Amino acid sequence: MTTNQPNQPPPDQHQESFNHFAHVAGHVAGFLYILITWLFGPVKSVALWLAQQRFIQRYKAFVGSLPPALGLGLSLLCLSLLELSKIIVLLAYSKGGLLLAFLTTVLAKLSFGYWAHMTWHAARAKVIAAYPRVRAIDAWVGQQIAIIKSFRDRIITKITGASWYPAVQRFTTQVRQVAKSGIARFKAWWAHHQAGKKPSA
């Protein structure tokens, strides 16, 4: 007496499904890399511009002058606000869909993310010198970032070697140039606006 075995797809079908998945995953990874590359230039330009502003420099000097306990507490507060931004992103997605959530994420990184990074960077020296556990955690985080960067570099090497990458790179370069031009115009407007606010002698 024989028992009915469930129909299973042949091995070739398994291989075809895996190849399809790998193909889709490769395109998704490529799209994300292109998107990050497109955003990296403008975001980095904004961060460099903010770092040169007087109120940012004063804030960093203020944080650097705080006692280690206060510096650590302020850094944790900024990190908690960064976590709060994730809830804001979810609310944006529920109200406006993927595009609004993406724009909210970018704005959160430029605001809460930049503020948290700047605060910790200013307080880090005193905090890790005063608290060995924080120093150990900071070293562990640095190791994890190094592992992620190594994985990222391998993915980038595969993507940049693809046949379609040069054409996409030319397009993203043009878009980044347009974005940088817009940022330059905004900087000029801001400088003019700040000059107009100065009291006349």
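Residues numbered from 1 in each chain as written. Predicted model: local features only at pLDDT ≥ 70, side-chain atom pairs only at ≥ 80, totals over all residues. Heavy atoms only, no water.

**Q** Can you help me understand a nonpolar patch on the surface in this one?
**A** Together, Leu77, Leu81, Leu84, Ile87, Ile88 and Leu91 make up a nonpolar patch on the protein surface, roughly 510 Å² of accessible area in all. Considering the arrangement of structural elements, one finds isoleucine 87 in helix H3 (residues 68-130). For isoleucine 87, a relative accessible area of 48% translates into the label partly exposed. (Patch = residues over 30% accessible without salt bridge, like charges linked within 9 Å, V, L, I, M, F, W, Y side chains within 5 Å. Areas by Shrake-Rupley, 256 points an atom, 1.4 Å probe, with all protein chains shown as cover. Salt bridge = Lys/Arg side-chain N within 4 Å of Asp/Glu carboxyl O. Helix = DSSP H or I, 4+ residues; strand = E, 2+ residues; numbered from the N terminus. Buried < 20%, exposed > 50% of the residue type's maximum accessible area, 1.4 Å probe, protein only.)

**Q** Is there a simple way to think about the packing of helix H2 (residues 54-65) against H3 in this case?
**A** When two helices pack together, you describe them by how their axes are tilted relative to each other and by the distance separating the axes. At their nearest, the axes of H2 and H3 sit 5 Å apart, and the two run at 55 degrees to each other. The angle between the axes of H2 and H3 places the two elements in the oblique class. Remark: the crossing between H2 and H3 carries right-handed chirality. Taken together, the residues of H3 that come into contact with H2 (itself represented by Ile56, Tyr59, Lys60, Val63, Gly64 and Ser65) are Leu74, Cys78, Tyr114, Trp115, Met118, Thr119, His121, Ala122, Ala123 and Lys126. Considered class by class, the residues forming the contact of H2 with H3 number ten nonpolar, four polar and two charged. (Axes fitted to C-alpha atoms, helices over the stretch in contact; angles between N-to-C directions. Parallel < 35°, antiparallel > 145°, perpendicular 65-115°, else oblique. Left-handed = near helix turned anticlockwise from the far one by under 90°. Contact = heavy atoms within 4.5 Å. Nonpolar A, V, L, I, M, F, W, Y, C, P; charged D, E, K, R; others polar.)

**Q** What am I meant to see in the nonpolar core here?
**A** Side chains that are nonpolar tend, in soluble globular proteins, to be buried together. The biggest cluster of nonpolar side chains holds 15 residues, and the ones touching the most others in it are Tyr59, Val63, Tyr114, Met118, Val127 and Val134. Counting residues per element, this core draws most heavily on H3, which supplies nine residues. When neighbours within four sequence positions are excluded, tyrosine 114 is seen to be in contact with Ala47, Leu50, Ala51, Ile56 and Lys109. (Core = buried A, V, L, I, M, F, W, Y, C linked by side-chain atoms within 4.5 Å.)

**Q** Is there a simple way to think about the packing of H3 against helix H4 (residues 132-160) in this case?
**A** Closest axis-to-axis distance for the H3/H4 pair is 12 Å, and the angle between their directions is 130 degrees. In this view, H3 runs oblique relative to H4, as classed from their interaxial angle. Viewed along their axes, H3 and H4 form a crossing whose handedness is left-handed. Residues Leu72, Trp120, Arg124, Val127, Ile128, Ala129 and Ala130 of H3 pack against Pro132, Val134, Arg135 and Asp138 of H4. Across the contact of H3 with H4, the residue classes tally to eight nonpolar, no polar and three charged.

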